[in-house]
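Each chain is listed here by its residues.
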Amino acid sequence: MARRLQVSLSFGSGAATNPFEDVLNSDLIVMWGSNAVEAHPLAGRRIMQAKKKGIPIIVLDPRFSTSARLADEWIRFTPSTHIALANSIMYWIIKEGLQNTAFINERTKGFDDLKKTVEKYADCQEIHGVPLETVKRFARTYARAKNAVIIYCLGITELTTGTDNVRSMGNLALLTGNVGRPGVGVNPLRGQNNVQGACDMGAYPNVYSGYQACSVPENRAKMEKAWGMPVGSLPDWYGSTLTEQINEAGNPIKAMYFMGLNPVVSYPDSNHVKRQLDKLDFCVMQDIFWNESCDYADVVLPGTCFAEKDGTFTSGERRINRVRKAVDGPGESKLDWEIIALIAKKMGLKGFDWKNANDVWDDMRACTPNMFGCTYEKLGKPESVHWPCPTVEHPGTPILHIGKFSAADGKGTMFGLEYRPPAEVADAEYPFTMMTGRLIFHYHTRTQTDRAAQLHYEVPESYVQMNTIDAKQMGIKEGDKVKITSRRGETITKARISDDVAPKVMYMAMHFKDGVNNLTNTALDPLSKMPELKHAAVKVEKVA
């Protein structure tokens, strides 16, 4: 969810600028910190179509991923050095006069700050590991492309420098004028099917639905009226993010209510999460299956899955999709909104007298300007609607920032950003860098996919990718069991040996219990509060 904050600093709005299908209008596709072919197969399918059409693809990733195999060029860089690499690229774009000066002058601010900063990064191969000639070649290719799109994901954001990493992607697009028309843009891919929708509904500690800031008095007054609350009762401060809430479990937070989340597996430092959940006086888990976090719950509420309810999902391209009930939920399960309404009524709260999902949606859009025009009737059409859609007559907005940006002054902002190392780097005691990611065969914490026999068969247990040189030096062979340890915990897994990762770099998928998140770091990006799931220092030893 932090990706919305990060890219909004550059463009004024934090969502994807263009639809996924629009990559077919590009002249160059850049995938940076994204393995879309596995982690986002629907977006990956569009990229495959672009490949078939002959559109060149460049993947920048420390690992030779499935997406890198698809690419026309793969650029390997040292993990977590995105800012240094982007700055070096931008230095050579400016040095060779390839920036879009007219776009910069008319539609942006901050260029002088950016130019001054990147002058320090002309050649910083010692940081990012990419040969200078490769940096120059990429700079020319990206800047000269008529229409270039950047696609990024968690490899960019799940770091303590995540906000600046995303702003670096924005810098590249603004410097070359690749925003605000078909075939261009900066597109973050969302981790799950309705992450965008959850963000849109105000699942942040500082905004209401539609990203209406809590700090604005008029927004608070409007929501107080809509919710029947006393004047002046809503706070103006930035609340705690979920990672911070887990840290605060027990003190000051006494009770937590989780919906469709399995933090014991998916959140960093799993042992820490377990300890914190144990401190709660009361814990509720609402889900469609029992998961590992349910072991820490006082109450488990059975919800319904996508096929058992009506409602909406919003994709990463801001497209609001109607979901229609196909079957009844099993046993005593109830609709998610129905559970919330029943609890609210038991608590004596008003305003929860909905009869169906349409009522819930209309209740929301009545106080959400950028979605007011997204009626159920419009959402029922096959093409659906991309927000913003402020009026019933409005057709929706597939492409953002045409003519002007969403910021108050209508301009995009470039930032001079200095490279910072990750919170924890490899050293003599923990000499390896651990990265995390996803597999095409499993979805998040396998709450669903591990119940599918064929998917379980494909990848039944976790494994670690390690470089052939490291494996040979340690006497580790393909399939050997290894114990991996960080400053926070340990896990035992199987080794897969290849050159897909560089020496002293390792990679594990995040889907498995007692897996890589036993090792990962809870250090946070200071602005987005995103934990550094993508970088941890570890040591490895062969299990006899």
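Please read all numbers here as calculations on a predicted model, not as lab measurements. (Residues numbered from 1 in each chain as written. Predicted model: local features only at pLDDT ≥ 70, side-chain atom pairs only at ≥ 80, totals over all residues. Heavy atoms only, no water.)

Student: I'd like to hear about the overall build of the protein chain, residue by residue, with values.
Tutor: Tallying secondary structure elements over the protein chain gives 21 helices and 21 strands in all. Over its C-alpha trace the protein chain gives a radius of gyration of 23 Å, about what one expects of a compact globule, namely 24 Å for 544 residues. Principal-axis analysis of the C-alpha atoms places the extent of the protein chain at approximately 65 × 65 × 45 Å. Of all 544 residues assigned to the protein chain, the portion counted as buried reaches 57%. Taking contacts inside the protein chain between residues at least 6 apart in sequence as the whole, the part at least 24 apart equals 71%. Taking the 65 positively charged and 62 negatively charged side chains of the protein chain as two groups, their mean positions are separated by 3 Å. (Helix = DSSP H or I, 4+ residues; strand = E, 2+ residues; numbered from the N terminus. Rg over C-alpha atoms; globule rule 2.2 N^0.38 Å. Buried < 20%, exposed > 50% of the residue type's maximum accessible area, 1.4 Å probe, protein only. Contact = heavy atoms within 4.5 Å. Lys, Arg positive; Asp, Glu negative; His and termini not counted. Charge placed at Lys NZ, Arg CZ, Asp CG, Glu CD.)

Student: Pulling in residues and values, what's your account of the pairing of strand 13 (residues 319–323)?
Tutor: A regular strand carries its side chains on alternate faces of the sheet. Bridge count for strand 12 (residues 311–314) against strand 13 is four bridges, and the pairing is antiparallel. Opposite F313, over in strand 13, you have N321 as the bridge partner. Linkage of strand 12 to strand 13, two consecutive antiparallel strands, is achieved through a turn of four residues, within which R318 is found at a positive phi near 70°. (Pairing = 2+ DSSP bridges.)

Student: Run through the sheet that holds strand 5 (residues 148–152), naming residues and quoting values.
Tutor: The parallel open sheet is built from five strands, whose spatial order is 3-2-1-5-6. Taken across any chain shown, the strands that pair with only one partner, and hence form the sheet edges, are strand 3 (73–75) and strand 6 (185–188). Taking each pair of neighbouring strands and ignoring which way they run, the sheet shows an average axis angle of 20°. Sheet analysis places strand 1 (residues 28–32) next to strand 2 (residues 57–60), joined by four bridges and oriented parallel. When the sheet's bridge partners are listed, V30 is paired in strand 2 with I58. (Axes fitted to C-alpha atoms, helices over the stretch in contact; angles between N-to-C directions.)

Student: Break down the pattern of salt bridges for me, citing the residues and quoting the values.
Tutor: Counted by the stated rule, this structure contains 25 salt bridges. Close ionic contact of D500 with R69 constitutes a salt bridge, the shortest N to O distance being 3.0 Å. Residue D500 is located in the loop between strand 19 (490–498) and strand 20 (505–509), and its partner R69 is located in helix 4 (residues 66–70); the two are separated by 431 residues in the primary sequence. Of the residues examined, D500 reaches a relative accessible area of 13% and is grouped as buried. (Salt bridge = Lys/Arg side-chain N within 4 Å of Asp/Glu carboxyl O.)

Student: So what's going on with the side chain of T413? Residues and values would help.
Tutor: Examined against the element boundaries, T413 turns out to sit in strand 15 (residues 412–413). Relative accessible area serves as the criterion here: at 16%, T413 is assigned to the buried category. Discounting residues that sit within four places of it in the chain, T413 has contacts with L9, S10, K109, N171 and L174.

Student: A description of the nonpolar core should follow, citing residues and the corresponding values.
Tutor: Core analysis: the biggest nonpolar cluster contains 44 residues, and W32, L60, I89, I93, Y142, L172 and L175 have the highest contact counts within it. Within the residue set of this core, elements represented by two or more residues are strand 1, strand 2, helix 5 (82–95), helix 6 (101–107), helix 7 (111–118), helix 9 (132–144), strand 5 and helix 11 (162–176). With eight residues, the single largest contributor to this core is helix 5. Each residue touching L172, except ones within four places of it in the same chain, is listed here: W32, A86, I89, M90, I93, Y142 and I150. The next biggest cluster of nonpolar side chains, apart from the first, holds 21 residues, and it includes L24, M31, I55 and C153. (Core = buried A, V, L, I, M, F, W, Y, C linked by side-chain atoms within 4.5 Å.)

Student: Describe a nonpolar patch on the surface, naming the residues involved and giving the relevant values.
Tutor: A cluster of nonpolar side chains, contributed by Y257, M259, I340, I343, M347 and L349, occupies part of the molecular surface with about 530 Å² of accessible area. Of all the elements in the fold, those that place two or more residues in the nonpolar patch are strand 9 (255–259) and helix 17 (336–346). Relative to the helices and strands, I343 is located in helix 17. (Patch = residues over 30% accessible without salt bridge, like charges linked within 9 Å, V, L, I, M, F, W, Y side chains within 5 Å. Areas by Shrake-Rupley, 256 points an atom, 1.4 Å probe, with all protein chains shown as cover.)

Student: Which residues make up the packing of aromatic side chains, and what values do they have?
Tutor: Aromatic ring pairs: the centre-centre distance and the angle between the two ring planes describe each pair. Here the structure, examined in full by the defined rule, presents 11 aromatic pairs. Where Y91 meets W92, the ring centres are 4.9 Å apart and the plane angle is 90°; that geometry is what we call edge-to-face. For the pair shown, Y91 and W92 are each scored as buried. For the pair W337 and W354, a centre-to-centre distance of 6.2 Å together with 75° between the ring planes defines the contact as edge-to-face. Of the two residues, W337 is situated in helix 17 and W354 in the loop between helix 17 and helix 18 (357–365); the sequence distance between them amounts to 17 residues. Assessed through its relative accessible area of 17%, W354 is described here as buried. (Phe/Tyr/Trp six-rings, centres within 6.5 Å; stacked < 30°, edge-to-face > 60°.)

Student: Break down the domain arrangement of the protein chain for me, with residues and values.
Tutor: Entries for the protein chain in the domain assignment read domain 1 (3–191), domain 2 (195–314 + 319–386) and domain 3 (432–542). Taken together, the contacts link five residues of domain 1 with six residues of domain 2. Between domain 1 and domain 2, roughly 570 Å² of surface is buried when both sides are summed, and carbon and sulfur atoms account for 57% of that area. Where domain 1 packs against domain 2, one counts zero salt bridges. Our count for the contact surface shared by domain 1 and domain 2 stands at one residue pair in polar contact (both at pLDDT 80 or more). Of the residues in the side of domain 1 that touches domain 2, the class split is two nonpolar, one polar and two charged. (Domains from an automatic or database assignment. Buried area = accessible area lost by both parts, 1.4 Å probe. Polar contact = N/O pair within 3.5 Å; in protein donor to acceptor, adjacent residues only side chain to side chain. Nonpolar A, V, L, I, M, F, W, Y, C, P; charged D, E, K, R; others polar.)

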